[in-house]
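Residue-level listing of the chains:
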Amino acid sequence: MERVNGSYIGNTPAVNVKQQPGVNSMEQTLELLENDSNILRPNTDTLLSYTTLLLDMEDVDGQIVDTSGRNHIVRLMNNATITTVDKASGNSSVFLNGSNAWIEIPSSYDNYFGSQDFTIECTFKVLTLKESAILSKEQTTSGTSGFLLYLITGTYRLTLLVGNGSSWFVNLQTGFIPVINTWYNVAVSRQGNIWGVIVNGKLIASAISYEGPRYGDRPFQIGRYSPWNNVATDFHGYIDQVR
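Undergrad: Sorry, what's going on with the nonpolar core here?
TA: Soluble globular proteins: nonpolar side chains tend toward being buried together. Within the largest apolar cluster, 40 residues are counted, with the highest numbers of intra-cluster contacts made by L55, F124, L135, L158, L160, F220 and I222. It is strand β6 (residues 117-126) that provides the largest number of residues to this core, a total of five residues. The next biggest cluster of nonpolar side chains, apart from the first, holds six residues, and it includes A133, I152, L161 and Y225.

Undergrad: How do you make sense of the side chain of K130 when you look at a structure like this?
TA: Mapped onto the fold, K130 is located in the loop between β6 and β7 (132-137). Within the buried core, K130 has no salt-bridge partner, and the shortest N-O distance to an opposite charge, that of D234, equals 6.7 Å. Side-chain polar atoms of K130 contact the backbone oxygen of G98, separated by 2.9 Å.

Undergrad: Please explain the sheet that holds strand β9 (residues 158-163) as it appears in this structure.
TA: What the seven strands build is an open sheet, ordered β2-β5-β14-β7-β8-β9-β10; its pairing is antiparallel. Each having just a single partner strand, β2 (75-78) and β10 (168-173) make up the two edges of the open sheet. Within the sheet, the average angular offset between the axes of one strand and its neighbour, ignoring direction, is 20 degrees. In this sheet, β9 lies alongside strand β8 (residues 146-151) in antiparallel orientation, the contact comprising six bridges. By the bridge assignment for β9, Y150 is matched with T159.

Undergrad: In this structure, what is going on with the pairing of strand β15 (residues 236-240)? I would like to understand it.
TA: For a regular strand, side-chain orientation follows a simple rule: the groups alternate between the two sheet faces. With five of five residues buried, β15 is to be regarded as a mostly interior element. Bridge count for strand β4 (residues 93-97) against β15 is four bridges, and the pairing is antiparallel. Among the inter-strand pairings, F95 is bridged to a residue of β15, identified as Y238. Note that β6 and β15 share four bridges and pair antiparallel. Each residue of the ladder has a partner; that of F124, found in β15, is I239.

Undergrad: What is the right way to read the pattern of salt bridges from this model?
TA: When their charged atoms lie close together, side chains carrying opposite charge are able to pair. This structure, assessed with the given rule, holds three salt bridges. A salt bridge links K125 to D86; the nearest nitrogen and oxygen atoms lie 2.5 Å apart. Of the two residues, K125 is situated in strand β6 and D86 in the loop between β3 (81-83) and β4; the sequence distance between them amounts to 39 residues. For the pair K125 and D86, a shared accessibility class is recorded, and that class is buried.

Undergrad: Is there a simple way to explain unusual backbone geometry in this structure?
TA: What is expected of a backbone is that most residues other than glycine have negative phi and most peptide bonds are trans. Here the phi dihedral of M57 falls at roughly 60 degrees; this positive angle occurs in a residue that is not glycine. Classification of M57 by relative accessible area gives buried; the value is 1%. Notably, Q241 is not glycine yet its phi reads approximately 50 degrees, a positive angle. Along the polypeptide, Q241 turns up in the segment after β15.

Cut-offs applied
Residues numbered from 1 in each chain as written. Predicted model: local features only at pLDDT ≥ 70, side-chain atom pairs only at ≥ 80, totals over all residues. Heavy atoms only, no water. Core = buried A, V, L, I, M, F, W, Y, C linked by side-chain atoms within 4.5 Å. Buried < 20%, exposed > 50% of the residue type's maximum accessible area, 1.4 Å probe, protein only. Helix = DSSP H or I, 4+ residues; strand = E, 2+ residues; numbered from the N terminus. Lys, Arg positive; Asp, Glu negative; His and termini not counted. Salt bridge = Lys/Arg side-chain N within 4 Å of Asp/Glu carboxyl O. Polar contact = N/O pair within 3.5 Å; in protein donor to acceptor, adjacent residues only side chain to side chain. Pairing = 2+ DSSP bridges. Axes fitted to C-alpha atoms, helices over the stretch in contact; angles between N-to-C directions.

Purely spatial values, then, with no claim about function.
Structure (structure tokens):
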């Protein structure tokens, strides 16, 4: 996770979007995002100074360690396992078997971004196409926003939901369907009131909303969305490089 001032930062190209008057349609928003020529590419030191969670998925004595400097606890839940069989980079990744296996980080004020711009990204490889959560932060009561990035049932298109416990302010179903056994980098970015979903460096969908993750007692989860309470919707595949 990264907090940013006016820019998207990560392994993919930066997007620098200024709020524009008169932007009132998805088409105009997408055009602004794709055609903005004011691109910021921060150096590594600048990027790391904004990072509040960094999981390289390297095996450290049987555990995954947050190397962002914030020292968040990382829990491999139930059947989640560190593996060297397949990985996007480095020496290992985490394998989730699609049935009662996920990664969990306890709630933190680092997950509360307020009105600041931010980006959340990870690299994943799906082994079974099914309705399944990739990244999630459960909403609690009304007024506490949560988000869910998942493969929607039926079409398995990558979909982003952002809500407050009673309704979804962002319900963004993209046209992207992952290919089995293929690594992808996916990012969710909010700049001002513009949300974007980015796959392998390309913006594939956007929406307008000032809502975003706020502080709550629910954990940040990778590979599961707790309100579903259904192992059938757990992610089946490999997860690497989360931040």
